[in-house]
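# Remarks on the overall topology
Okay, here's what each chain looks like letter by letter:
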Amino acid sequence: MQRLEVALWQYGFQNDNSIACVNLCRDEVTHTLKHKIDQIFGSSFSTHGLGGVLTCGVTGVGAGLSHSPVDESSGKERYVFFSFPHIGIDSKGVVGNISRPGRAGMSCACGAVIKALGDIKSEGLQCNCKEPGVHEPLNIEFSILKQRLARRLVAEGQTDQSVTNLDLVELTKVTERVISDDLDFLISKAVNPAKADYAVVTGVQVHNWAEEFDSAEPNLEWVAPVNVYAVVDGKRYDIDLSRLPGLTPRQIRLLASAPDAHQPSPSAAAEAVCNSGGASTLREIDPPYMYSSKEARRRAKSRMESFARLASAAPAAPAQQPVAPPKPAQAAQPSTPAAAAAAPAQQPASNGNTPSAVAASAAAIVAPVKEVAQVAAKIEEDDDQYWTSADEEMLQAWTKVIDPEA
């Protein structure tokens, strides 16, 4: 994204004069890329569909374009179109696999493309090549996606026999070609090059996540660009992002620790996995964009450790004045056996406190400790939402108990 921002800036596309129109799969894991786009261009207009299929039509695209900033000097509008299907490839290289937080076992991506692949293999191409506009009422987007893929496969020379050898990687590439062509067609109908400049970025989003989402392995995101070009004053300029040098790991970490980078702290940014290979620089997904993230758990653990330190440093209840045992000659004698049972003698503890005084002191400590234990149990569930303002108030109140001057 850093290289793309530099490349588009040279053609006049900036965060304050352009609107991004983003088309991704509806899967929530694709939002890591959308957030990156939003960081550059601000809030984007969404045309998402299952598998990335475009179903918004000319009217939908036109609605997004009408939200674009207008250049005060030239009166021009500027649009940046992003369109990507996605695919999961886990850390062991298994295609289609992706882990998900809070869900045991392996999930898949893209689920819609995987199902379309299975249906096309079992049903064949011809029965899925319905007339454009014909779809299943209860599966509108998926049926449109499957029909678009089937028609494209036929146009590219595939047969009912040959598609049985098709794999997910190849069908994902076909999906990218379908979506990119559909986007170009919609742009030709919705954009007026005389009044607007625009850029197009298409490819495949790749989730290279760990086998277990919350394991020590990093969860990495890739974008494999296919078409990147800008149209300025009606003239097209193709852009080769690989010719632009990527940022170094040091520069990536420096940007990640900036106040507007949505990082909790510079130290957290320094811990992020960051490496370079070839012309690319990789960095682990930003913690704010990973629900149930490692960073969230680190913060929760740090808070719990603070609680534990406060609890262990808590002083005992104020010492009671030692109570001397009564002299035998002066000891009060119960008037009746019932009175003796109701008022047993207080035997002093080893430190001079009576049992009732010790019990009162213990109760003063046990109550907040139980609260600490309850918060600890919640945090053990690895869900940062349990840390509420009430928990913050409890921490402050408990701190005051331990250190009145705090």
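Data block above holds the structure.
Let me sum up the structure you'll find in this document. None of the values given here were measured: they were computed from a predicted structure.

## Focus on the overall build of the protein chain
The helix and strand tally for the protein chain stands at 12 helices and 11 strands. Each of the 406 residues in the protein chain was classed as buried or not, and the buried ones make up 40%. Considering only contacts within the protein chain whose residues lie at least 6 apart along the sequence, 68% involve residues at least 24 apart. When the accessible area of the protein chain is evaluated, it comes to approximately 21800 Å², of which 55% is carbon and sulfur surface.

## Some words on the packing of helix α4 (residues 111–123) against helix α5 (residues 140–155)
Working note: a packed helix pair is described by the angle between its axes plus the distance between those axes. Orientation of α4 relative to α5, taken along the N-to-C sense of each, is 55°, at an axis distance of 10 Å. Between α4 and α5, the angle is such that the two are oblique. Seen along the crossing, α4 lies across α5 with a hand that is right-handed. Residues A112, K115, A116, D119, I120 and E123 of α4 form the contact with α5, whose own contacting residues are F142, L145, K146, L149, A150 and L153. Looking at the contact of α4 with α5 residue by residue, the classes come out as 8 nonpolar, no polar and 4 charged.

## What about the side chain of S143?
Tracing the sequence through the fold places S143 in helix α5. At a separation of 2.9 Å, a polar atom in the side chain of S143 contacts the main-chain carbonyl oxygen of I140. Setting aside residues up to four positions removed in sequence, S143 forms contacts with H135 and E136.

## Topic: the pattern of salt bridges
Scanning the model with the defined rule gives 17 salt bridges in all. In this structure, the salt-bridge partner of K146 is E123, at a minimum N-O distance of 3.7 Å. On the criterion of sequence distance, the pair formed by K146 in helix α5 and E123 in helix α4 is long-range, its members being 23 residues apart. You can call K146 buried: its relative accessible area is 7%. For E123, a relative accessible area of 40% puts it in the partly exposed group.

## Here's the deal with the side chain of D182
Within the secondary structure layout, D182 lies in helix α6 (residues 168–190). A relative accessible area of 15% means that D182 is categorised as buried. Setting aside anything within four residues of it in sequence, one finds D182 in contact with L54 and R148.

## Brief notes about the packing of α4 against α6
In contact at an axis separation of 10 Å, α4 and α6 are set at 110° when each is read in the N-to-C sense. Between α4 and α6, the interaxial angle falls into the category roughly perpendicular. In contact with V113, I114, A116 and L117 of α4, α6 contributes L168, L171, T172 and T175. Of the residues assigned to the contact of α4 with α6, the class counts are 6 nonpolar, 2 polar and no charged.

Parameters and conventions
- Residues numbered from 1 in each chain as written.
- Predicted model: local features only at pLDDT ≥ 70, side-chain atom pairs only at ≥ 80, totals over all residues.
- Heavy atoms only, no water.
- Helix = DSSP H or I, 4+ residues; strand = E, 2+ residues; numbered from the N terminus.
- Buried < 20%, exposed > 50% of the residue type's maximum accessible area, 1.4 Å probe, protein only.
- Contact = heavy atoms within 4.5 Å.
- Areas by Shrake-Rupley, 256 points an atom, 1.4 Å probe, with all protein chains shown as cover.
- Axes fitted to C-alpha atoms, helices over the stretch in contact; angles between N-to-C directions.
- Parallel < 35°, antiparallel > 145°, perpendicular 65-115°, else oblique.
- Left-handed = near helix turned anticlockwise from the far one by under 90°.
- Nonpolar A, V, L, I, M, F, W, Y, C, P; charged D, E, K, R; others polar.
- Polar contact = N/O pair within 3.5 Å; in protein donor to acceptor, adjacent residues only side chain to side chain.
- Salt bridge = Lys/Arg side-chain N within 4 Å of Asp/Glu carboxyl O.

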